[in-house]
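Coordinates in review
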Amino acid sequence: MSGAGGRPYLAIPGPSVMPDRVLRAMNRASPNIYAGELVDMMPKLVADLCGVARTKGHAAIYIGNGHAAWEASLANTVQPGEKVLVLATGRFGHGWAEVAEARGIEVQMLDFGRQAPVDAQAVEDALRADKAHEIKAVLVTHVDTSSSVLNDVAGVRATMDAAGHPALLAADCIASLACDRFEMDAWGVDVMVAGSQKGLMTPPGLGFVFFNDKATDVRRTVPRVSRYWDWVPRTEPELFYQYFGGTAPTHHLYGLREALDMLAEEGIEAVWARHERLARAVWAACETWGAKGPLRLNIADAAQRSRAVTSLAIGKPLGEELRQWVEAHMGVTLGIGLGMQTEDDPRSTGYFRIGHMGHLNGHALLGVLGAVEAGLSALNIAHGDGAVQAAAQVLAAP
Ligand SMILES: *Cc1c(COP(=O)(O)O)cnc(C)c1O
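These remarks concern the structure in this document. (Residues numbered from 1 in each chain as written. Predicted model: local features only at pLDDT ≥ 70, side-chain atom pairs only at ≥ 80, totals over all residues. Heavy atoms only, no water.)

1. What to know about the site of the ligand
Test applied: Residues are labelled near a given molecule or strand when at least one of their non-hydrogen atoms is within 4 Å of it. We call two N or O atoms a polar contact when they sit within 3.5 Å, provided that within protein one can donate a hydrogen and the other can accept it, with sequence-adjacent residues counted only if both atoms are side-chain atoms. The Shrake-Rupley method, run with a 1.4 Å probe sphere, supplies the accessible areas, and residue values consider only the shown protein chains as cover. Strands here mean DSSP runs of E at least two residues long; helices mean DSSP runs of H or I at least four residues long; both are numbered from the N terminus. Residues are sorted three ways: Asp, Glu, Lys and Arg are charged, Ala, Val, Leu, Ile, Met, Phe, Trp, Tyr, Cys and Pro are nonpolar, and all the rest, Gly among them, are polar.
Taken together, the neighbourhood of the ligand is formed by 13 residues, with His67, Thr145, Asp172, Gln197 and Lys198 sitting nearest. Gly66 has a polar backbone atom sitting 2.7 Å from an oxygen atom of the ligand. Measuring from a nitrogen atom of the ligand, one finds a side-chain N or O atom of Asp172 at 2.7 Å. With the chains in place, 89% of the 390 Å² that the ligand exposes on its own is no longer accessible. Of all the elements, helix H4 (residues 66-75) adds the most residues to the shell around the ligand, at 3 residues. Of the residues in the shell around the ligand, the class split is 5 nonpolar, 6 polar and 2 charged.

Here it is as structure tokens:
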């Protein structure tokens, strides 16, 4: 018997579940792109985006995904031949570095592996060694979605200040925005990249680059920025099309407007608190399963874990088998192991991930955990008893 009928559920770390309100907001006729509602709603949309990012700075919108935002962030701030320091804690740190290299930017890589956050001392040492200030930007991933590590971005700023280094601090919040607490201005972040399809609960297709006045000054020193990636017309548009370098992503904007309204109604502090509680429920379940058998949280220290995604090791090929069973029998799609390959397991089949970003509540999460529990039992994978109960207790606590 399959329990996969009914509405399917996507528990992968992006794209995330889309609220019905967002879907309904997009279900409309093509709007006028020269005047009227769509044009009028832009200033507030940008202001609300900046509110979620906790910045009084600027937001450029690109029709693109997270990779587009990576590209745009570098195109405006770092020239070919210049250097960036990349702090990698999983696959996505390397991804941003590859975009930089392809632009002819020199990458100095500090790789902290796939199970640990950035080590502030190593960053400080690298910055102090750069006496000529050749490093123009430090690139850090707030949450690396492959390892599910959470990095202390404010701590990176503190080390940059301690070293007296003038580089820009750029953060990738594509996974974490509106899930894990992030304070762009208070934490001294100069450039931040995000996308529409994770914590912002909107279909993939919009990339965002947030930047402050320090980054604006750096942009002025860049002699040539390709027209499409240039953030200047997008943030100082004289005509509506300049927000987007062309035709507006009409329906995405309506969806995003609705998502921002939902976040505002709940309040960003409450959104973070909800993700905190739900993440703790996931961890409680995973720790209970892991008390017996092979399942382990990839990040052992809870203080270093993301509230948006949880990466789990279970041994090859059980991660893949579990995902397949849970999708076929429960209607729940879990995230693949990503970037965790070894020679022995080149496709990371010994890992899987639970996405808990964005539009998520208690019953959805308990459904996902119950589905995993069923999968562990059906596949005879040893596991501790009482995991769903442990999660329920976390959700039940005052
Ligand atoms: C999803 C993600 C990306 C890539 O975004 P795409 O939209 O797939 O290009 C980059 N960084 C992080 C941390 C992500 O979670």
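Next comes the rest of the description.
2. Quick word on the layout of surface pockets
What counts here: Lining residues are defined by having an atom within 4 Å of a point belonging to a cavity or pocket. Those points lie on a 1 Å grid over the protein atoms alone, cavities being sets where a 1.4 Å probe fits but cannot get out and pockets being open sets with protein on both sides within 12 Å along at least five of seven lines. Grid points are joined across faces, edges and corners, and a volume is the space filled by probe spheres set on the points. Where a domain begins and ends is set by an automatic assignment or by a domain database.
Approximately 700 Å³ is the volume attributed to the largest pocket. Lining the largest pocket are 30 residues, with Arg7, Tyr9, Val17, His359 and Ala364 sitting closest to its centre. Take the lining of the largest pocket: its biggest share by element is 5 residues, from helix H13 (residues 362-378). Its residues placed into classes, the lining of the largest pocket shows 18 nonpolar, 8 polar and 4 charged. A domain split of the lining of the largest pocket shows at least three residues from each of domain 1 (9-16 + 268-396) and domain 2 (31-265). Considered as a void within the structure, the second largest pocket measures approximately 180 Å³ in volume. Every residue lining the second largest pocket is counted, 13 residues in all, and those nearest its centre are Leu150, Asp180, Arg181, Trp187 and Arg307. Listed by contribution, the elements that provide at least two residues to the lining of the second largest pocket are helix H7 (153-162) and helix H11 (268-290).

3. Let's talk about the side chain of Thr145
Rules: When a residue's accessible area, from a 1.4 Å probe over protein chains only, is under 20% of the maximum for its type it is buried; when over 50% it is exposed; and in between it is partly exposed. Contacts: residue pairs with any heavy atoms within 4.5 Å of one another.
Within the fold, Thr145 resides in the loop between strand E6 (143-144) and strand E7 (149-150). Residue Thr145 is classed as buried on the basis of its relative accessible area of 4%. In this view, Thr145 contacts Pro13, Phe92, Ala175, Val309 and Arg353; residues no more than four positions away in its chain are not counted.

4. Some remarks on the sheet that holds strand E9 (residues 191-195)
The criterion, for reference: For two strands to count as paired, DSSP must find a minimum of two bridges between them. Comment: axis = line fitted to C-alpha atoms, over the contacting stretch for helices; angle = value between 0 and 180 degrees taken between N-to-C directions.
Reading across the sheet, the 7 strands line up as E2-E10-E9-E8-E5-E3-E4 and stay open at both edges, with mixed pairing between neighbours. Edge positions in the sheet fall to strand E2 (58-63) and strand E4 (106-111), since each of these pairs with one other strand and no more. Mean inter-strand twist for the sheet, computed between neighbouring axes without regard to direction, equals 20°. Contacts from helix H3 (residues 42-53) reach E2, E9 and strand E10 (206-211) within the one sheet, and its direction differs from that of E2 by about 110°. Against the sheet, H7 makes contact with strand E3 (83-88), strand E5 (135-141) and strand E8 (168-172), and its axis sits at roughly 165° relative to E8, the strand it touches most.

5. Some words on the packing of helix H6 (residues 120-129) against H7
Packed helices, taken two at a time, are described by the angle between their axes plus the distance between the axes. Using the following cut-off: Crossing chirality is assigned from the near helix's rotation relative to the far helix, an anticlockwise turn below a right angle marking it left-handed and a clockwise turn marking it right-handed.
Viewed as axis vectors pointing N to C, H6 and H7 meet at an angle of 35°, and their least axial separation amounts to 9 Å. As H6 packs across H7, the resulting crossing turns out to be right-handed. Between H6, through Ala120, Val123, Glu124, Leu127 and Arg128, and H7, the contact on the second element is made entirely by Thr159, Met160 and Ala162. Class assignment for the residues of the contact of H6 with H7 results in 5 nonpolar, 1 polar and 2 charged.

6. Brief notes about the environment of Asp130
Looking at the element boundaries, Asp130 is found in the loop between H6 and E5. When the C-alpha atoms of Asp130 and Ala163 are compared, they prove to be 9.7 Å apart, with 33 residues separating the residues in sequence. Among all residues touching Asp130, those that are not within four sequence positions of it are Ile135 and His165. At 2.9 Å, the side chain of Asp130 and the backbone nitrogen of Glu134 are in polar contact.

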